[in-house]
Amino acid sequence: MNGSKSPGLAGFGVLKNTTCHTEKKISVFFSIIFMTVGILSNSLAIVILMKAYQRFRQKSKASFLLLASGLVVTDLFGHLINGAIAVFVYASDKDWIRFNQSNILCSVFGICMVFFGLCPLFLGSVMAVERCIGVTKPIFHSTKMTSRHVKMMLTMVCLFAVLIALLPILRFRAYQIQASRTWCFYKTEHVEDWEDRFYLLLFSCLGFLALAISFLCNAVTGITLLRVKFKSQQRQGRSHHFEMIIQLLAIMCVSCICWSPFLVTMARIGINEGRSKETCETILFALRMATWNQILDPWVYILLRKAVLKNLYKITSGCCGVHVINLHMWELSSIKNSLKVAAISESPGSSKQMNLQPLSSMGQ
């Protein structure tokens, strides 16, 4: 039966001659463990981020915390929805013909796989851009990056990811049941049509583009902070910048490690028109690697907080005997002082005071 001609039975031809066999008990065990750990980790990270948002309401950090909360919430729902569908499929003995006659479940599963795959990558790149603007253009960031604008950015990112996920449905291309019979995605076997190749390449290119933007913006942000640190002895107000850039670097590294195998695999299938040597086991391994990204993301905010980093610094400096960073930079008072200075500098009367100072010095 041809899936393109009969959308309601899309992918069922794969079920007869599948060469990918997975043990049901082990697969169900891993699915339940991944889902449980992911939900608990993301829930804990949401609590931490919400408390931090209530505590730090200055513009420089509030926008970052809103984006980070959006990322963690997306990961949470990704584990909840995709995990629940996967467990249901395993519990039903992967009998798609029995519970997926109209192909609705496979379409929902495929849409969720694409959306919850691309959305965290997009949000990671948006967070990197936001931090880059906050460090390199602080005045522009303080005046333009309001909570309203950040929420609009979150909405636009989610809508774009939804559009990419719905694109096959809008083009009357059904999502396909994969060879392992455990998940749905774009067509990955016997890809001959240009449109099927386009979806695979689009997914991979967008993912790699998001990672590239994150790498570029984080590099610019890190170099800028290091230049300021080494050129000026005044380090007040920089602790929250260093904390956030460390978290962003960790998110970028986790995303690159977890998503690269899956993105490369999909790109190779699209380029080779489905005749690549990627086996079902290889695709499943790459998919599980990508799933780990949604598990590790929240632990970046749980472990790489300022209090934890401060304790790690004490342990490292005690073991190595080298003082790299002054502990006073972690004081919260420095952040408040920097905000007061920024508020004074942006006030209308500040320019007049600055103009009067040279005149008074000339009079002396």
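Residues numbered from 1 in each chain as written. Predicted model: local features only at pLDDT ≥ 70, side-chain atom pairs only at ≥ 80, totals over all residues. Heavy atoms only, no water.

Visitor: What should I look at first to understand the pattern of salt bridges in this one?
Guide: A side chain with one charge can pair with a side chain of the opposite charge if their charged atoms come near. Enumeration according to the criterion identifies six salt bridges in this entry. Salt-bridge contacts for Arg98 lead to Asp95; the nearest nitrogen and oxygen are separated by 3.5 Å. A residue is classified by how much of its surface remains accessible, and Arg98, at 54% relative accessible area, is exposed. You can call Asp95 partly exposed: its relative accessible area is 32%. (Salt bridge = Lys/Arg side-chain N within 4 Å of Asp/Glu carboxyl O. Buried < 20%, exposed > 50% of the residue type's maximum accessible area, 1.4 Å probe, protein only.)

Visitor: Honestly, the state of the cysteines in this entry has me stumped. Any pointers?
Guide: By definition, a disulfide links two cysteine residues through a covalent bond between their sulfur atoms. Applying the stated criterion to the full structure yields one disulfide. There is a disulfide in this structure between Cys106 and Cys184, and the S-S distance comes to 2.2 Å. Judged by the torsion about the S-S bond (-125°), the Cys106/Cys184 disulfide is left-handed. On the criterion of sequence distance, the pair formed by Cys106 in helix H5 (residues 104-136) and Cys184 in strand E2 (residues 184-185) is long-range, its members being 78 residues apart. A relative accessible area of 0% places Cys106 in the buried class. Left without a disulfide partner, Cys217 is nearest to the cysteine sulfur of Cys132, which lies 4.8 Å away. Left unpaired, Cys256 is separated from the closest cysteine sulfur, that of Cys253, by 6.7 Å. Taking relative accessible area as the criterion, Cys256 reaches 30% and is therefore assigned partly exposed. (Disulfide = S-S within 2.5 Å. Helix = DSSP H or I, 4+ residues; strand = E, 2+ residues; numbered from the N terminus.)

Visitor: Looking at this structure, how should I read the side chain of Thr265?
Guide: Following the sequence through the fold, Thr265 ends up in helix H9 (residues 239-271). A polar contact of 2.6 Å, which involves the side chain of Thr265, links it to the backbone oxygen of Pro261. (Polar contact = N/O pair within 3.5 Å; in protein donor to acceptor, adjacent residues only side chain to side chain.)

Visitor: Mind showing me how you'd approach the packing of aromatic side chains here?
Guide: To describe a pair of aromatic rings, you give the distance between the ring centres and the angle between the ring planes. Under the counting rule described, the total for this entry stands at 17 aromatic pairs. An angle of 70° between the planes, with centres 5.5 Å apart, marks the rings of Phe185 and Phe262 as edge-to-face. Of this pair, Phe185 sits in strand E2 while Phe262 is found in helix H9, placing the two residues 77 residues apart along the sequence. Ring centres 5.9 Å apart and planes at 75° place the aromatic pair Trp259 and Phe262 in the edge-to-face group. Of this pair, Trp259 and Phe262 are both found in helix H9, three residues apart, which corresponds to roughly one turn of the helix. The class for Phe262 is buried, based on a relative accessible area of 2%. (Phe/Tyr/Trp six-rings, centres within 6.5 Å; stacked < 30°, edge-to-face > 60°.)

Visitor: Sorry if this is basic, but what is going on with the UniProt feature "transmembrane region" (unreviewed entry) in the chain here?
Guide: Those places that UniProt annotates as "transmembrane region" (unreviewed entry) correspond, in this numbering, to residues 26-50, 62-90, 102-129, 150-170, 198-226 and 246-271. Across residues 102-129 one finds 93% helix and 0% strand; the C-alpha atoms that close the span lie 42 Å apart. (UniProt positions renumbered as here; feature names shortened; annotations may be inferred.)

Visitor: For this particular structure, what's the right way to read the nonpolar core?
Guide: Here is a general trend for soluble globular proteins: nonpolar side chains tend to be buried in one another's company. Among the nonpolar cores identified, the biggest contains 71 residues, and Val114, Met127, Trp183, Phe185, Tyr186, Phe203 and Phe262 are the most heavily contacted of them. If you tally residues by element for this core, the top one is H5, at 14 residues. Here Phe203 is in contact with Val114, Leu118, Phe185, Tyr186, Trp259, Phe262 and Leu263, once residues within four sequence places are set aside. (Core = buried A, V, L, I, M, F, W, Y, C linked by side-chain atoms within 4.5 Å. Contact = heavy atoms within 4.5 Å.)

Visitor: What's the story with the packing of H5 against helix H8 (residues 194-231) in this structure? I'm lost.
Guide: Between two packed helices, what matters for the description is the angle formed by their axes and the separation of those axes. Running from N to C, H5 and H8 cross one another at 20°; their axes reach a closest spacing of 8 Å. One way to sum up the angle between H5 and H8 is to call them roughly parallel. By crossing handedness, the relation of H5 to H8 is classed as left-handed. Of the residues belonging to the contact of H5 with H8, the class tally is 16 nonpolar, eight polar and one charged. (Axes fitted to C-alpha atoms, helices over the stretch in contact; angles between N-to-C directions. Parallel < 35°, antiparallel > 145°, perpendicular 65-115°, else oblique. Left-handed = near helix turned anticlockwise from the far one by under 90°. Nonpolar A, V, L, I, M, F, W, Y, C, P; charged D, E, K, R; others polar.)

Visitor: I would appreciate a short explanation of a nonpolar patch on the surface in the present structure.
Guide: A cluster of nonpolar side chains, namely Phe29, Phe30, Ile33 and Val37, defines an oily patch on the protein surface of about 340 Å² accessible area. For Phe30, a relative accessible area of 37% corresponds to the partly exposed category. (Patch = residues over 30% accessible without salt bridge, like charges linked within 9 Å, V, L, I, M, F, W, Y side chains within 5 Å. Areas by Shrake-Rupley, 256 points an atom, 1.4 Å probe, with all protein chains shown as cover.)

Visitor: What's the story with unusual backbone geometry in this structure? I'm lost.
Guide: With the exception of glycine, the majority of residues adopt a negative phi angle, and the majority of peptide bonds are in the trans configuration. Although it is not a glycine, Asp93 adopts a positive phi angle of roughly 60°. Topologically, Asp93 is positioned in the loop between helix H3 (59-91) and helix H4 (96-99). The phi dihedral of Arg181 is positive, around 65°, even though this residue is not glycine. Inspection of the secondary structure assignment puts Arg181 in the loop between strand E1 (176-177) and E2.

Visitor: Could you clarify how one ought to interpret the environment of Val220 in this entry?
Guide: Position of Val220 relative to the elements: it lies in helix H8. Its relative accessible area of 35% is what places Val220 among the partly exposed residues. Between the C-alpha atoms of Val220 and Ala128, which are 92 residues apart in sequence, the distance is 9.7 Å. Leaving out residues up to four positions away in the same chain, Val220 has contacts with Cys132 and Thr136.

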